[in-house]
Amino acid sequence: MRMAELRKTPLYPLYKQYGAKTVEFGGWDMPVQFSSILFEHDSVRQRAGLFDVSHMGEFLVTGRDARAFLQYMLTNDLSRLESGMAMYSPLANERGGCVDDVLVYCLTSDSYMVVVNAGNIEKDWTWLQHHADGFSVSLDNRSDATALLALQGPLSERILQKVTPADLSALKYYRFVQSRVCNASALVSRTGYTGEDGFELYLRPEDAADVWAELLSLGEPDGLVPCGLGARDTLRLEARLPLYGHELTEDISPLEAGLGAFVKLDKGDFVGKSALQSQKLHGLRRRVAGIVLDGRGIPRQGYSVLHQGRTVGQVTSGTMSPTLKMPIGLVLVEADLGSVGTELAVDIRGKQVAAKVVKTPFYKRSAGENPASPQS
Amino acid sequence: MSHVPAELKYSKEHEWVKVEGNQARIGITDFAQDELGDIVFVELPEVGTEVRANETFGSVESVKTVSDLFAPVSGKIVQVNGALQDSPELVNSAPYEDGWMIVVEMSDPGELDALLDAAAYTAHTAE
């Protein structure tokens, strides 16, 4: 039976008591929801939600050449990344497509943690190993030895501060500290994938269940609820955060995906540089744009996008936006059709539904609550 | 456990049928709405449309997925639940009542015999 092959996080035994419905995701048996996707989504926008994202992979990159190696592998520039800082970066292939998109944590100047997508753990591991020749660097796959919880939403800081000695008010966006949470050793990072303020907690697997239970019980008066991957997806999509396998693939470049701010062509050589340089020089053929439907229906990944009757691209992600109460989507279309205001249509199971390119993100939290932007 | 009213008939595709004389009121079951999760869009044909048993007559979309709706019986649609256009969540909250979808004037009531009763449907969902 197929289910038996799916991988499970350390929190799996707890899912049932919290009402989880699980689905296969990237080879893992993960909770898609605990109560309802819409309720969980709203909880994160208004209050707080707790996600088990232990399926994500973690690699330790250490050694004299650790930074030089990552500079060569990643499109973003790590040169100003100091201990205690995290950075987002695409991981490009030679053709300029994306092997993955990752977070890099600078532990010390010669020690880094790279957080990769669950479905890409084996691929990334092979890819990095393959390129490590000639660098004085050692790679350690810590994925099975690391649990990861994401506490997201405007009340996250207040809830987390009750169980950690770390001064969270002093922890800026994309910064982290080694500390304790519920008396367990934790790397506490002010990062997330929801468009809200929040934290990610890297834990030992054996501590994860206790931290999960204690946070939920302690956060309950503030409206903290367990959340699944369904809400994580609608939240990230409203915030226009790319999802690997949708807006980013081996065949979609970070420039096409709108991640130019994370591609530093002025740094030294890196994998994919010449392909990306050439794309930039000659202009992009395609780009990812946000749409809202004018008609009824929901755009879904793979649906064709048309312009004046001609197919010009396809939907990469789509949903009924719980916050906007409108069908929204991201589409990969011919570059000149990605401008705000362009009238497009989506082929929804044989019916052409009118759509319009809009400014993204679809949702942005009000400026007052915004921690500083991620380091780009 | 999902709710399976004894007086209804069921298809293997998780539609329910309430026989009202020569008409069949049709919706999706409690089991189906629970499996789908939050329903955000229901697409239904117009009154007057002919439907055929075991063929699709519309679709229901939850946040995460889209599913076709299959007609359990053949006939002409005589009523469509317009409330679902603005309140698709009625399918979640009241799948057998306010969440009904269409009423069909049956062309062959004999097709009802091919449907499951409550006990058989319960067994089907437990598979």
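The structure we're discussing is the one just above.
Residues numbered from 1 in each chain as written. Chains lettered and ligands numbered in written order. Predicted model: local features only at pLDDT ≥ 70, side-chain atom pairs only at ≥ 80, totals over all residues. Heavy atoms only, no water.

Some points on the interface of chain A and chain B
When the parts of a complex come together, some accessible area is lost, and that lost area is often used as the size of the interface.
Then comes step 1: Listed by partner, the interface residues are 16 residues for chain A and 16 residues for chain B.
Then comes step 2: Roughly 1,400 Å² is buried in total at the junction of chain A and chain B, and carbon and sulfur atoms are behind 49% of that figure.
Then comes step 3: Inspection of the chain A/chain B interface yields five salt bridges.
Then comes step 4: In this structure, the salt-bridge partner of B:Asp34 is A:Lys21, at a minimum N-O distance of 3.6 Å.
Then comes step 5: Inspection of the region where chain A meets chain B yields twelve residue pairs in polar contact (both at pLDDT 80 or more).
Then comes step 6: When contributions to the side of chain A that touches chain B are tallied by element, the ones reaching two or more residues are strand S2 (28–33), helix H2 (37–46) and strand S16 (310–321) of chain A.
Then comes step 7: When its residues are assigned to classes, the side of chain A that touches chain B shows six nonpolar, five polar and five charged. (Contact = heavy atoms within 4.5 Å. Buried area = accessible area lost by both parts, 1.4 Å probe. Salt bridge = Lys/Arg side-chain N within 4 Å of Asp/Glu carboxyl O. Polar contact = N/O pair within 3.5 Å; in protein donor to acceptor, adjacent residues only side chain to side chain. Helix = DSSP H or I, 4+ residues; strand = E, 2+ residues; numbered from the N terminus. Nonpolar A, V, L, I, M, F, W, Y, C, P; charged D, E, K, R; others polar.)

Points about empty space enclosed by the protein
All names here are of chain A.
Then comes step 1: Applying the stated rule across the entire model yields one cavity of 30 Å³ or more.
Then comes step 2: Lining the largest cavity are Leu 70, Leu 74, Leu 91, Val 102, Val 114 and Leu 128.
Then comes step 3: When the residues that make up the lining of the largest cavity are grouped by side-chain class, the tally is six nonpolar, no polar and no charged. (1 Å grid on protein atoms, 1.4 Å probe; cavity = no way out; pocket = protein on both sides within 12 Å on 5 of 7 lines; lining within 4 Å. Points joined across faces, edges and corners; volume = space filled by probe spheres on them.)

Observations concerning the environment of B:Ser11
Residue and element names in this part refer to chain B.
Then comes step 1: By the secondary structure assignment, Ser 11 is in the loop between strand S1 (9–10) and strand S2 (15–20).
Then comes step 2: Along the chain, Ser 11 and Asp 38 lie 27 residues apart, while their C-alpha atoms are 22 Å from each other.
Then comes step 3: Reaching out from Ser 11, the side chain makes a polar contact with the side chain of Glu 15 at a distance of 2.6 Å.

A look at the layout of surface pockets
Then comes step 1: There is about 540 Å³ of room inside the second largest pocket.
Then comes step 2: The wall of the second largest pocket is formed by 27 residues, among which A:Met320, A:Ser321, A:Lys325, B:Val40 and B:Pro88 lie closest to the centre.
Then comes step 3: For the lining of the second largest pocket, the elements supplying multiple residues, two or more each, are H2 and S16 of chain A together with strand S4 (39–43) and helix H2 (83–86) of chain B.
Then comes step 4: The residue inventory of the lining of the second largest pocket, partitioned by class, reads eleven nonpolar, eight polar and eight charged.

Brief notes about the pairing of strand S12 (residues 198–203) of chain A
Residues and elements named next belong to chain A.
Then comes step 1: Burial within S12 is extensive, with six of its six residues counted as buried.
Then comes step 2: In the sheet, strand S9 (residues 147–152) pairs with S12 via six bridges, with the strands oriented antiparallel. Bridge pairing links Gln 152 to Gly 198 in S12.
Then comes step 3: Relative to S12, strand S11 (residues 184–189) runs antiparallel, the two sharing four bridges. Counterpart to Ser 189 in the pairing with S12 is Glu 200. (Buried < 20%, exposed > 50% of the residue type's maximum accessible area, 1.4 Å probe, protein only. Pairing = 2+ DSSP bridges.)

Some remarks on the state of the cysteines
Residues and elements named next belong to chain A.
Then comes step 1: Counted by the stated rule, this structure contains zero disulfides over all chains.
Then comes step 2: There is no disulfide at Cys 227, and the cysteine sulfur nearest it, in Cys 182, is 17 Å away.
Then comes step 3: Classification of Cys 227 by relative accessible area gives buried; the value is 2%. (Disulfide = S-S within 2.5 Å.)

Description of the packing of helix H3 (residues 66–73) of chain A against helix H4 (residues 121–131) of chain A
Between two packed helices, the angle of one axis relative to the other and the distance separating the axes together describe the packing.
Residue and element names in this part refer to chain A.
Then comes step 1: The interhelical angle for the contact between H3 and H4, taken along N-to-C directions, is 115 degrees, at an axis separation of 11 Å. Considering only the axes of H3 and H4, their crossing is right-handed. In this structure, H3 uses Phe 69, Tyr 72 and Met 73 to contact H4, whose residues at the interface are Trp 127, Leu 128 and His 131. (Axes fitted to C-alpha atoms, helices over the stretch in contact; angles between N-to-C directions. Left-handed = near helix turned anticlockwise from the far one by under 90°.)

Quick notes on the packing of H2(A) against helix H7 (residues 229–238) of chain A
Residues and elements named next belong to chain A.
Then comes step 1: Following both chains from N to C, one finds H2 and H7 inclined at 55 degrees, their axes separated by 8 Å at the closest point. Taken together, the axes of H2 and H7 lie oblique to each other. In this structure, the crossing between H2 and H7 has a hand that is right-handed. Here Ile 37, Glu 40, His 41, Val 44 and Arg 45 of H2 lie close against H7, whose contacting residues are Gly 230, Ala 231, Thr 234, Leu 235 and Glu 238.
Then comes step 2: Here the contact of H2 with H7 is composed, by residue class, of four nonpolar, three polar and three charged. (Parallel < 35°, antiparallel > 145°, perpendicular 65-115°, else oblique.)

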